[in-house]
Number of protein chains: 2
Amino acid sequence: MNPPAVILSHPQLGENIGAAARAMANFGLSDLRLVAPRSGWPNAKAAAMAAGAASVVDNARVFATVAEAVGELNLVFATTARERGIAREIMTPAEAAKRLRVASTRDERTGILFGNERAGLDNDEISLCDAVITVPTAEFASLNLGQAVLVTSYEWFRAGDATPPARLEHGQLQRKPTREEMLQLFEHLERELLVSGFLYPPDKVDGMARAIRATLHRARLTYQEVQTLRGMIVALAKGKHRVRKG
Amino acid sequence: MNPPAVILSHPQLGENIGAAARAMANFGLSDLRLVAPRSGWPNAKAAAMAAGAASVVDNARVFATVAEAVGELNLVFATTARERGIAREIMTPAEAAKRLRVASTRDERTGILFGNERAGLDNDEISLCDAVITVPTAEFASLNLGQAVLVTSYEWFRAGDATPPARLEHGQLQRKPTREEMLQLFEHLERELLVSGFLYPPDKVDGMARAIRATLHRARLTYQEVQTLRGMIVALAKGKHRVRKG
């Protein structure tokens, strides 16, 4: 899966190039292309801001024009904030990410073009691109260059990411308990709650026990936690007997 | 829809607080809470970095401890990069955003807790939270504080955003053509291409015309563009006749 190139047209500040590089590296992008960077290249501030993403900065290539920078690519999207006069397709970063991945499976080379900090992309630059990406925002809309690169890179990664939406951290003893182990916990707890007089009166006992089981199910306990709870029950029950005897 | 509060625990640099505020404002979040900011508060660098998001910075509240900062909230997620020893639920920002919105529809107050730049959140801070958010990244993982706030804020906005994945910019003359207008374009073009000898030999004409129609359909032309194309056909056909006459 060939990630898209990131092309920065006439970027002004090294810090922003570095922030873009760092954003890219976090989400698996590495091909950074700079069109006539205003502060020259290489740039110490870019390297500093990139933090661990030095290789992205070190391997960045400089071009004189956007046309040269995107020359060998098959699919290029322009990132803009404002609506323009000409009829063109405008996509969310999520939709763009899907299309970039589809193109990549066909071995097409892809890229995302970003304008400079002050003025964004001009219409000539946009007209070199297949379509436009606009990041949906609230009424206040002031994404800077690094933030725009971050959101689009994040969406590219996200579109191919298999991380489950939610999971439990599992260590050695953190396997899920079996149904039998859960039942032993319930029976142990209910036995002690009956002895202690908490489960009372008799005609309410079943309903109360079911409510307690629902609470414990909702916690999605690990095996380790089931063992810990049973230890707590033993300890509390012991203490209670001692108080009664005293 | 009540957006989540953003709680920054012991943030070190004003610039990062400002970047977080700017990220929040872009995606409709406004409740910023600072726990013992190292450089004091208010902070000129935070205000500068926030750019247009000054109101988020101006309205930020300072607390002495995380427990106080999250005190009145009903649902709090902790953002961490590393896996920890204790069994807890870890979610993607997208899943977290869904749950925050569900909670918000129940009028629950929600928040997202971020650790400081150097060390992230400690286990005591995490134990004040319902669950953990981890941003999925490539092998290189080095999201800074502002970037982490940006991704989670973006996902919150995205989860409630109705922007169509792709759309055409439409101006006054940029309505979609009717089927009849498209057919008139095809017939005009095919007539001229027959006269000019491009559509030839006769037994290939139908297949060639269908291929041209498919190309034009794929362009999803606006009404204005259909008119422009018809003007181009007229102009090109005229030029050709003139050459032949000369």
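Our structure's up above, just so we're on the same page.
The sections below set out a description of the structure shown in this document. (Residues numbered from 1 in each chain as written. Chains lettered and ligands numbered in written order. Predicted model: local features only at pLDDT ≥ 70, side-chain atom pairs only at ≥ 80, totals over all residues.)

**Details of the sheet that holds strand E6 (residues 110-114) of chain A**
- Across the sheet, eight strands lie side by side as E3(A)-E2(A)-E1(A)-E6(A)-E4(A)-E7(A)-E5(A)-E8(B); this open sheet has mixed pairing. Pairing within the sheet leaves two strands with one partner each, and these edge strands are strand E3 (61-63) of chain A together with strand E8 (166-168) of chain B. Ignoring strand direction, the axes of neighbouring strands in this sheet form an average angle of 30 degrees.
- Bridge analysis of strand E4 (residues 75-79) of chain A against strand E7 (residues 131-133) of chain A gives three bridges, and the strand direction is parallel. By the bridge assignment, Ala78(A) is partnered in E7(A) with Val132(A).
- Of the strands in this sheet, E4, strand E5 (89-91), E6 and E7 of chain A together with E8 of chain B are in contact with helix H5 (residues 93-105) of chain A, which crosses E6(A) at around 150 degrees. (Pairing = 2+ DSSP bridges. Helix = DSSP H or I, 4+ residues; strand = E, 2+ residues; numbered from the N terminus. Axes fitted to C-alpha atoms, helices over the stretch in contact; angles between N-to-C directions. Contact = placed C-beta atoms within 7 Å.)

**Things to note about the interface of chain B and chain A**
- With 44 residues of chain B at the interface, the matching set in chain A holds 44 residues.
- Counting residues per element, the ones that place at least two in the side of chain B that touches chain A are helix H1 (14-26), strand E5 (89-91), helix H5 (93-105), helix H7 (145-159), E8 and helix H10 (223-245) of chain B.
- The element that contributes the greatest number of residues to the side of chain B that touches chain A is H7(B), accounting for five residues.
- Here the residues of the side of chain B that touches chain A are counted per class, giving 21 nonpolar, 13 polar and 10 charged.
- Taken together, the three bridges between E5(A) and E8(B) define a ladder with antiparallel strand orientation. Each bridged residue has a counterpart across the sheet, and for Met91(A) the counterpart in E8(B) is Ala166(B). (Nonpolar A, V, L, I, M, F, W, Y, C, P; charged D, E, K, R; others polar.)

**Some words on the nonpolar core**
- Of all hydrophobic cores here, the largest spans 110 residues; its most connected members are Met24(A) and Met24(B).
- Ignoring anything within four residues of it in the chain, the contact list for Met24(B) reads Val6(B), Leu29(B), Ser30(B), Leu32(B), Ala53(B), Val56(B), Val149(B) and Ser153(B). (Core = buried A, V, L, I, M, F, W, Y, C linked by C-beta atoms within 7 Å. Buried ≥ 20, exposed ≤ 12 C-beta atoms within 10 Å, placed from the backbone.)

**Some words on helix H1 (residues 14-26) of chain A**
- Given a rise of 1.5 Å per residue, 13 residues ought to cover 18 Å, and the 19 Å separating the end C-alpha atoms of H1(A) matches this to within 8%.
- Summarising the contacts, the buried residues of H1(A) are in contact with strand E1 (5-9), strand E2 (32-35), helix H2 (44-49), helix H3 (54-58) and helix H7 (145-159) of chain A together with H7 of chain B.
- One or two steps after H1(A), the chain reaches Gly28(A), where phi turns positive at roughly 80 degrees. (Expected span 1.5 Å × (residues − 1).)

**Considerations on the pairing of strand E4 (residues 75-79) of chain B**
Residue and element names in this part refer to chain B.
- Counting buried positions over the five residues of E4 gives five, a clear majority of the element.
- With burial as the criterion, each face of E4 is covered, one bearing Leu75, Phe77 and Thr79 and the other bearing Val76 and Ala78.
- Sheet analysis places E4 next to strand E6 (residues 110-114), joined by five bridges and oriented parallel. Bridging across to E6, Ala78 finds its partner in Leu113.

**Description of the pairing of strand E2 (residues 32-35) of chain B**
All names here are of chain B.
- Side chains Leu32 and Leu34 of E2 all project onto a buried face; the interleaved residues Arg33 and Val35 project onto the opposite face, where all are buried too.
- Bridge count for strand E1 (residues 5-9) against E2 is four bridges, and the pairing is parallel. Within E2, the residue paired with Ser9 across the bridge is Val35.
- In this view, the connection linking E1 to its parallel neighbour E2 by way of H1 has right-handed handedness. (Right-handed = clockwise from strand over helix to strand, strands pointing away.)

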